[in-house]
Amino acid sequence: MRRRLRSSAARSGAPSPPPWNPIGPRPPGEPEVVAFYGEDAIVAGHPEDTCTPSFWLDFPPGTVTTIIMQGWNDPWMVAYAHSHNIRVLQAAGGPCEGYTNTSGAAMLANATYRSELVAQFNQSIRVSGLDGWGWDIEETDPLYQPHVALFIQELRRACPEAYQAFYTQNLVGKGTWLAWEAEPMKLIAANVDMIIASTY
């Protein structure tokens, strides 16, 4: 008689993570309304008084389509958003930006480093139950911007189901991304679902 092997999670009694079913793009022509999730307002009904997300919850659930979390993961908020078909993205970008030759942006020139980072982001999004990433990569040395664009392209290929938003500053200057005709921006635009030009 053959014995059925059980997973390590099953053997340890740990619950298996729920299936990852990210919320994808809306139909063409339907508007996107994005809110950033920060600690700046009290949310009625939240189980933790110390948790103070942004005012997006004051809007009817059918108004906001995308939440970008600013550096934390609140399972209560994720469950609430998903129950209303609102996608939730993790703000990301720290390992992918900078000016120095030891910054994450410079290190992305290394194919091995890029591959490892792609694997890390791919795994983290599936475990967290989030729907994708909001790339907050605002000022990066133009010399390294092609490496960042290549990383985003490779992540898209490795994890095509995840939703990706890219936001940049509404300022023209060295290190910003508003040179829309530049090759790095063209490559990024071809591999993300949304581009946000911040007005600050």
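Everything here concerns the structure above.
Residues numbered from 1 in each chain as written. Predicted model: local features only at pLDDT ≥ 70, side-chain atom pairs only at ≥ 80, totals over all residues. Heavy atoms only, no water.

Visitor: How do you make sense of the overall build of the protein chain when you look at a structure like this?
Guide: Helix and strand counts for the protein chain come out as six helices and six strands. If you list the helices and strands of the protein chain from N to C, you get α-β-β-α-β-α-α-β-α-β-α-β. Every one of the 200 residues in the protein chain was classed for burial, and the buried ones make up 42%. (Helix = DSSP H or I, 4+ residues; strand = E, 2+ residues; numbered from the N terminus. Buried < 20%, exposed > 50% of the residue type's maximum accessible area, 1.4 Å probe, protein only.)

Visitor: Looking at this structure, I do not really get the pattern of salt bridges. What am I missing?
Guide: Where charged atoms from two side chains of opposite charge approach closely, those side chains can pair. Throughout the structure, instances matching the rule amount to six salt bridges. As a salt-bridge pair, E32 and R87 come within 3.0 Å of each other at their nearest N and O atoms. You can see E32 sitting in the loop between α1 (8-12) and β1 (34-37) and its partner R87 sitting in strand β3 (residues 87-92), a full 55 residues away along the chain. Accessibility expressed as a relative area gives 28% for E32, which makes it partly exposed. R87 sits in the buried class, given a relative accessible area of 1%. (Salt bridge = Lys/Arg side-chain N within 4 Å of Asp/Glu carboxyl O.)

Visitor: I would appreciate a short explanation of helix α5 (residues 145-158) in the present structure.
Guide: One turn of an α-helix holds 3.6 residues; hence residues three or four places apart share an orientation. Taking 1.5 Å of rise per residue, 14 residues should cover 20 Å, and α5 covers 20 Å from first to last C-alpha, within 8% of that figure. Buried within α5 we find Q145, V148, A149, F151, I152, Q153, L155 and R156. (Expected span 1.5 Å × (residues − 1).)

Visitor: Is there a simple way to think about the packing of aromatic side chains in this case?
Guide: To describe a pair of aromatic rings, one takes the distance between the centres and the angle between the planes. All chains considered together, the criterion is met by six aromatic pairs. Taken together, the ring pairs in this structure connect F121, W133, W135 and F151 into an aromatic cluster. When the ring centre of Y163 is taken as origin, the NZ or CZ atom of R87, which lies over that ring, is 3.8 Å away. (Phe/Tyr/Trp six-rings, centres within 6.5 Å; stacked < 30°, edge-to-face > 60°. Lys NZ or Arg CZ within 6 Å of the ring centre and 35° of its normal.)

Visitor: What is the right way to look at the packing of helix α4 (residues 111-128) against α5 in this model?
Guide: Pairs of packed helices are described in terms of their axes, by the angle between the two and the distance that separates them. It is at 10 Å that the axes of α4 and α5 come closest, and there the two elements cross at 50°. Our classification of the angle between α4 and α5 gives oblique. The crossing of α4 and α5 is right-handed. Residue-level inspection shows R114, L117, V118, F121, N122 and R126 of α4 in contact with α5, the latter providing H147, L150, F151, E154, L155 and A158. The residue makeup of the contact of α4 with α5, split by class, is seven nonpolar, two polar and three charged. (Axes fitted to C-alpha atoms, helices over the stretch in contact; angles between N-to-C directions. Parallel < 35°, antiparallel > 145°, perpendicular 65-115°, else oblique. Left-handed = near helix turned anticlockwise from the far one by under 90°. Contact = heavy atoms within 4.5 Å. Nonpolar A, V, L, I, M, F, W, Y, C, P; charged D, E, K, R; others polar.)

Visitor: Please explain the environment of I86 as it appears in this structure.
Guide: Mapping I86 onto the fold places it in the loop between α2 (75-83) and β3. Residue I86 is classed as buried on the basis of its relative accessible area, which comes to 1%. Here the alpha-carbon distance between I86 and T65, two residues 21 residues apart in the chain, equals 4.9 Å.

Visitor: I tried to follow α4 on my own but got confused; where do I start?
Guide: Compared with the 26 Å implied by 1.5 Å per residue over 18 residues, the 26 Å span of α4 between its first and last C-alpha is a close match. If you check which residues of α4 are buried, you get Y113, R114, L117, V118, F121, N122 and I125. The buried residues of α4 all sit within an arc of 165° when viewed along its axis, so they share a single face. Within α4, the exposed residues directed more than 90 degrees away from the buried face are T112, Q120 and V127. Its buried side turned inward, α4 meets β3, α3 (104-107), β4 (132-136) and α5. The positive-phi residue at the C-terminal boundary of α4 is G129, with phi of around 80°. (Arc of directions from axis to C-beta.)

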